[in-house]
Every structure is written in structure tokens, then in C-alpha cells.
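One-letter residues, chain by chain:
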Amino acid sequence: MTDKGSPSSGFKILPGHFPSAEQESLVAQLREILIKAPLFQPVMPRTGKPFSVRMSNCGPLGWVSDVTGYRYQATHPVTGAPWPEIPDVLLDLWHQVAPTSPLPEACLINFYEPTAKMGMHQDRDEETFDAPVVSVSLGDTATFRIGSTTRGGKTSSMRLASGDVVVMGGESRLAYHGIDRILKGTSTLLKNGGRINLTLRRVTRP
Ligand code: SIN
Ligand code: FE2
């Protein structure tokens, strides 16, 4: 495990954690998941402004955003079906990086077109912040920015390439973070380009 300059304690990047064959297999599983739970277009609470990413989820709970707010729910907002299961390879990852935490309940799937980005935010819609947030990057490299637990403080920027894993635990669990840009054409994993980020989270108290 490498600690590429930690903005605060508990933050880790595991560069190249997934070798390319495992990335290919994960993408094949995600394609099956996205047939059952298609990407949907989330919008901002109140304003209804569309996000630049499209989303789906797997796991017992999925994160959604619409005009009424952000929340976790057990079903897809468009189809009404329960979310598909989290692939075993992601549960294995969780066991490796968060061995003492209860299982993740949500795996958010974010799809970034090359022009998409994600504003600085905290992940704080969960009932408990004891477990880390664990994320996997697939496809084009992204510029990821992370700061402290207060908005507007000092931030640092780093690149996340396909196969990299990020762990935001400890103090960094509530750190502000976002995606400044996608570096188009940096990966051939996704045949039409772009980036997928998978975010595993524990939502409820065990
Ligand atoms: C997020 O914070 O929701 C996504 C982070 C990423 O795409 O790496
Ligand atoms: Fe986030």
C-alpha cells in the first residue's frame, strides 16, 4: 500500500490495485449490472440542475439525488426494481482495506463522460461514518481534489488512473473532495472512453 501524500490521516491511494485483467472482468460485470439497473440522470436538490455524471448503484441500498434531496433507497428511481448485488471482487476489496468494518451496503456507480466533473462535497448522507469510503477508478484518468473537513480550506490534487483504489477513512472520511476533470483518451478500458468510479459505503449502523 502506498500513501501518496495524505491530506489527512486515514486517506490512502492504492495505485494499480486492480491489474488490467481484473479491470476487464469488473467492467464485464458492471455491464450486466447496468442492463438491470440502467444509468439514470440525477439532478440537484431544489434547482433540478442535472449532474454532469450519470449514476446507478448496486447493493441493498443506492444513493440517489432528485429535486427533493439526497437519500439512500432500496430501489432504482426509474425502474422501481431492487438494485443488483455488489460483485464479490468489490466485497473482497472491502475485506482487504476495511477488515474491521461491517459490510458495505451501497456501491454507487458514477459514469463520467470526458467533459464531466464533480464539485467539491462531503459524503455525509450515511447514518454512520465509522467505516471508510472505498472507491475504485476505471477507464480514463481523473484529477481528484481533496481538502479538509471544512469547505474552502487547503486542497491537494492527484491523478486517479484505471485500477486505482482510494480509501477515505479516519479523519479523511468527511473530507471535501471532487473531480476537477477527466483526461480524455488516457485509457482504452471503456470502448467509448470516459470514466467509471465505484464508491462503496456503509450506510446504516450495524
Ligand atoms: C464521488 O466523490 O462521488 C466520486 C469520486 C470519484 O469519482 O473518484
Ligand atoms: Fe464523494
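As shown above, the structure is provided for reference.
Residue numbers here run from 1 along each chain, matching the order of that chain's written sequence. Chain labels run from A onward and ligand labels from 1 onward, assigned in the order the entries are written. Only residues with pLDDT of at least 70 get local features here, since the model is predicted, and only at 80 or more are side-chain atom pairs given and counted; chain-wide, interface and lining totals rely on the full set of residues. Think of the side-chain values as coming from all heavy atoms in the structure, minus any hydrogens and water.

So what's going on with the nonpolar core? Which residues, and what values?
Residues belong to a common nonpolar core when they are buried Ala, Val, Leu, Ile, Met, Phe, Trp, Tyr or Cys residues joined through side-chain atoms within 4.5 Å. Only protein chains enter the accessibility calculation, which uses a 1.4 Å probe. A residue is then buried if its area is under 20% of the maximum for its type, exposed if over 50%, and partly exposed in between. Grouped together as the largest cluster of nonpolar side chains are 29 residues, with contacts concentrated most on Phe11, Phe144 and Met168. When checking whether two residues touch, look at their non-hydrogen atoms; a contact exists if any pair is within 4.5 Å. Those residues in contact with Phe144 that lie beyond four places of it in its chain are Phe11, Ser156, Ser157, Met158, Leu160, Met168, His177, Gly178 and Ile179. Counting 27 residues, the second-largest nonpolar core is a separate cluster that includes Val97, Ile109, Leu189 and Ile196.

Requested: an account of the sheet that holds strand 10 (residues 165-168), with residues and values cited.
Strands sit in the order 1-10-7-12-5-2 across an open sheet of six strands; the sheet is antiparallel. Looking along the sheet, the strands with just one partner apiece sit at the ends: strand 1 (11-14) and strand 2 (53-58). Geometrically, the sheet is characterised by an average inter-axis angle of 20° between neighbouring strands, direction not taken into account. Strand pairing is assigned whenever DSSP identifies at least 2 bridges connecting the two strands. Secondary structure counts use DSSP, requiring at least four H or I residues in a row for a helix and at least two E residues in a row for a strand, with both numbered from the N terminus. Throughout, an axis means a line fitted to C-alpha atoms (over the contacting stretch in the case of helices), and angles, computed between N-to-C directions, take values from 0 to 180 degrees.

Any chance you could break down the coordination of the iron ion (ligand 2) for me, citing the residues and the numbers?
Around the iron ion (ligand 2), the protein contributes the donor atoms His121 (NE2), Asp123 (OD) and His177 (NE2), which lie 2.1 to 2.2 Å from the metal centre. When the donor residues of the iron ion (ligand 2) are listed from N- to C-terminus, their spacing reads H-x1-D-x53-H. For His121, a relative accessible area of 23% translates into the label partly exposed. Exposure remark for Asp123: the relative accessible area of 6% places this residue in the buried category. Listed donor atoms are N, O and S within 2.8 Å of the metal (Na, K and Ca: 3.2 Å). As water is not included, a site may look incomplete.

Residue-level account of the site of ligand 1, with values.
Residue proximity to a molecule or strand is established when one non-hydrogen atom of the residue lies within 4 Å of it. Near ligand 1 the following residues occur: Asn110, Tyr112, Met118, His121, His177, Ile179, Arg195 and Asn197. Polar contact is the term for a pair of N or O atoms within 3.5 Å; when the atoms are in protein, one must be able to donate a hydrogen and the other to accept it, and sequence-neighboring residues count only if both atoms are side-chain atoms. Side-chain polar atom of Tyr112 to an oxygen atom of ligand 1: 2.5 Å apart, as the coordinates give it. Taking Arg195, its side chain carries an N or O atom lying 2.8 Å from an oxygen atom of ligand 1. Accessibility throughout is a Shrake-Rupley quantity obtained with a 1.4 Å probe, and a residue counts as covered only by protein chains that appear here. When ligand 1 sits alone it has 260 Å² of accessible area, and the protein chains cover 96% of it. When each cavity is represented as a set of grid points, ligand 1 is found to reside in the largest pocket. At the level of secondary structure, the elements contributing two or more residues to the shell around ligand 1 comprise strand 5 (106-112), strand 6 (118-121), strand 11 (177-182) and strand 12 (195-201). Two kinds of site are reported from a 1 Å grid over the protein atoms alone, namely cavities, where a 1.4 Å probe fits but cannot get out, and pockets, open sets with protein on both sides within 12 Å along at least five of seven lines, and residues are called lining when an atom falls within 4 Å of a point. In this description, a molecule resides in a pocket or cavity if more than half of its atoms sit within 2 Å of the grid points defining it.

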